[in-house]
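Here's the letter readout for the chains.
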Amino acid sequence: MTGWSTTPLDGVLLDIDDTLVDTHAAFASALLVVARQYLPHLDETAKSQLVVRWRADPNGHYRRFTNGEVDYLTQRMDRANDLHAEFGGPQMDRDEYVAWNTMFDEALAVAWTPHPDAGQFLAGLADAGLPVGTVTNATVRYQVRKLAICGLLDLPVLVGVDTLGVGKPDPRVFAEGCRLLGTDPARTLYVGDELYIDAVGARTAGLVAVWLDRPGIRRVPLRDAEIFEAGVVVAHTLADLPAIL
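Residues numbered from 1 in each chain as written. Predicted model: local features only at pLDDT ≥ 70, side-chain atom pairs only at ≥ 80, totals over all residues. Heavy atoms only, no water.

Student: So what exactly am I meant to see when it comes to the overall build of the protein chain here?
Tutor: Across its full length, the protein chain holds twelve helices and six strands. Against the globule reference of 18 Å for 245 residues, the protein chain gives a C-alpha radius of gyration of 18 Å, in line with a compact fold. When burial is assessed residue by residue, the protein chain has 51% of its 245 residues classed as buried. Long-range contacts, defined as pairs at least 24 residues apart, comprise 66% of the intrachain contacts of the protein chain with a sequence gap of at least 6. Surface summary for the protein chain: the accessible area is close to 11,000 Å², and the carbon and sulfur share equals 55%. (Helix = DSSP H or I, 4+ residues; strand = E, 2+ residues; numbered from the N terminus. Rg over C-alpha atoms; globule rule 2.2 N^0.38 Å. Buried < 20%, exposed > 50% of the residue type's maximum accessible area, 1.4 Å probe, protein only. Contact = heavy atoms within 4.5 Å. Areas by Shrake-Rupley, 256 points an atom, 1.4 Å probe, with all protein chains shown as cover.)

Student: How do you make sense of the packing of aromatic side chains when you look at a structure like this?
Tutor: The relative placement of two aromatic rings is captured by the distance of their centres and the angle of their planes. Per the counting criterion, the structure on display carries eleven aromatic pairs. Where Trp 54 meets Phe 104, the ring centres are 5.3 Å apart and the plane angle is 50 degrees; that geometry is what we call tilted. A residue pair is termed long-range when its members are at least 10 positions apart, and Trp 54 in helix H2 (residues 44–56) and Phe 104 in helix H5 (residues 94–111) qualify at 50 residues. Overall, the relative accessible area of 2% leaves Trp 54 in the buried class. Overall, Phe 104 belongs to the buried group, its relative accessible area being 0%. Measuring from centroid to centroid gives 5.0 Å for Trp 100 and Phe 104, while their planes differ by 20 degrees, and the two rings are stacked. Separated by four residues within a single helix, Trp 100 and Phe 104 lie in helix H5, roughly one turn from each other. One aromatic cluster is present, formed by Phe 27, Trp 54, Tyr 97, Trp 100 and Phe 104 through successive ring pairs. A cation over a ring is seen here: Arg 79 above Trp 54, with NZ or CZ 4.3 Å from the ring centre. (Phe/Tyr/Trp six-rings, centres within 6.5 Å; stacked < 30°, edge-to-face > 60°. Lys NZ or Arg CZ within 6 Å of the ring centre and 35° of its normal.)

Student: How do you make sense of helix H1 (residues 23–38) when you look at a structure like this?
Tutor: Since one α-helical turn is 3.6 residues long, residues separated by three or four positions face the same way. Given a rise of 1.5 Å per residue, 16 residues ought to cover 22 Å, and the 22 Å separating the end C-alpha atoms of H1 matches this to within 8%. Among the residues of H1, Thr 23, Ala 26, Phe 27, Ala 30, Leu 31, Val 34, Ala 35 and Tyr 38 are the ones counted as buried. Down the axis, H1 shows its buried residues gathered within 165 degrees of arc, on one side only. Next to the buried residues of H1 lie H2, helix H4 (72–87), H5 and helix H7 (140–149). (Expected span 1.5 Å × (residues − 1). Arc of directions from axis to C-beta.)

Student: Help me understand the packing of H2 against H4, please; the structure alone is not making it clear to me.
Tutor: The packing of two helices is summarised by the inter-axis angle and the distance between the axes. With their axes 11 Å apart at the nearest point, H2 and H4 run at an angle of 145 degrees to one another. Classified by chirality, the crossing of H4 by H2 is right-handed. Each of Ala 46, Gln 49, Leu 50, Arg 53, Trp 54 and Arg 55 in H2 lies in contact with H4, whose residues at this interface are Arg 76, Arg 79, Ala 80, Asp 82, Leu 83, Glu 86 and Phe 87. For the contact of H2 with H4, a count of residues per class yields six nonpolar, one polar and six charged. (Axes fitted to C-alpha atoms, helices over the stretch in contact; angles between N-to-C directions. Left-handed = near helix turned anticlockwise from the far one by under 90°. Nonpolar A, V, L, I, M, F, W, Y, C, P; charged D, E, K, R; others polar.)

Student: What am I meant to see in the side chain of Asp 213 here?
Tutor: Structurally, Asp 213 can be placed in the loop between strand S5 (208–212) and helix H11 (224–230). Given the relative accessible area of 8%, Asp 213 is considered buried. Not counting residues up to four positions away in its chain, the partners in contact with Asp 213 are Arg 218, Val 234, Ala 235 and His 236.

Student: How should the sheet that holds strand S1 (residues 11–14) be read in this particular structure?
Tutor: Strands belonging to one sheet form pairs held by backbone hydrogen bonds; the direction of such a pair is parallel or antiparallel. The six strands lie next to each other as S3-S2-S1-S4-S5-S6, forming an open sheet whose pairing is parallel. Strand pairing shows two members of the sheet lacking a second neighbour, strand S3 (157–159) and strand S6 (233–235), which therefore form its edges. Across the sheet, the mean angle from the axis of one strand to that of its neighbour is 35 degrees, orientation sign disregarded. Sheet contacts for helix H9 (residues 171–181): S1, strand S2 (132–135), S3 and strand S4 (188–192); angle to S3, the most-contacted strand, approximately 130 degrees. (Pairing = 2+ DSSP bridges.)

Student: Looking at this model, I keep getting lost on the nonpolar core. Mind explaining?
Tutor: Across soluble globular proteins, nonpolar side chains show a tendency to be buried alongside one another. Formed by 52 residues in total, the largest nonpolar core has its most connected members in Leu 20, Trp 100, Phe 104 and Leu 122. In this structure Leu 122 touches Leu 14, Leu 20, Val 132, Leu 152 and Leu 155, once residues within four positions along its chain are discounted. Counting 13 residues, the second largest nonpolar core, distinct from the first, contains Val 135, Leu 158, Cys 178 and Leu 207. (Core = buried A, V, L, I, M, F, W, Y, C linked by side-chain atoms within 4.5 Å.)

Student: Help me understand H5 in this model?
Tutor: When the terminal C-alpha atoms of H5 are compared, their 25 Å separation across 18 residues agrees well with the 26 Å that a helix rising 1.5 Å per residue should span. Backbone nitrogen of Asp 95 and a side-chain oxygen of the N-cap are separated by 3.2 Å at the start of H5; the cap is Asp 93. (Polar contact = N/O pair within 3.5 Å; in protein donor to acceptor, adjacent residues only side chain to side chain.)

Student: What's the story with the pairing of S4 in this structure? I'm lost.
Tutor: For a regular strand, side chains alternate in direction, first toward one face of the sheet and then toward the other. Judged by how many residues are buried, S4 sits mostly within the fold: five of five residues are covered. Burial along S4 is two-sided: the residues Thr 188, Tyr 190 and Gly 192 and Leu 189 and Val 191 are all buried. Where S1 lies against S4, four bridges are found, and the strand directions are parallel. Its bridge partner being in S4, Val 12 is matched across the sheet by Leu 189. Sheet topology note: the S4/S5 ladder contains four bridges and is parallel. Bridge pairing in S5 places Gly 192 opposite Trp 211. Since S4 and S5 lie parallel, the crossover through helix H10 (residues 195–204) that links them has a hand, and here it is right-handed. (Right-handed = clockwise from strand over helix to strand, strands pointing away.)

Structure (structure tokens):
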């Protein structure tokens, strides 16, 4: 990777899920595992839609968690019951959900892998002497484990949703990431896979923001007009970044 040595940046902050780690594929794999027990009637077409529905989270349960309104297990159980309601599965109480969640989490951990471009991208930043950290809307402990499984343990999780009690796009989250990284927000690059939560949120907080729009990874459909109006810099792989910047 070339180009970082001439980039006027003091540091880089990164999202984790679907930026460094292929969480989309991991979710798809884990949902198929739980579907064998809880949704055995589904055909292949319906199974392929499980991950689409899960990641879209149309009722905003994960957003309620990142806003500090509910705890992690509550949002996950509500999402699981929403999924079952749409695809014809049983509604679960807390005890029944614990068994579901254990199966889901075990299958998820087995499926976590880094995106193929992550290693070379991080190596290029290290060669350029740029400090790097991560800012995530999951808890720090959860993400440290994920990065360890993916062979990215040396990458620090600077800010999680449990650090300040709120998640992105709250500007305080990005500011805290810069503070811990030791960089000026105006000279700190932030890269994430969600248009509004990551790219627009980081830009609003004063960072140099790039939306990583990996093919086939979008959580929800976006119109071209929405993307244009957001006015953010767009990359399709991490390898694109030095040239874009």
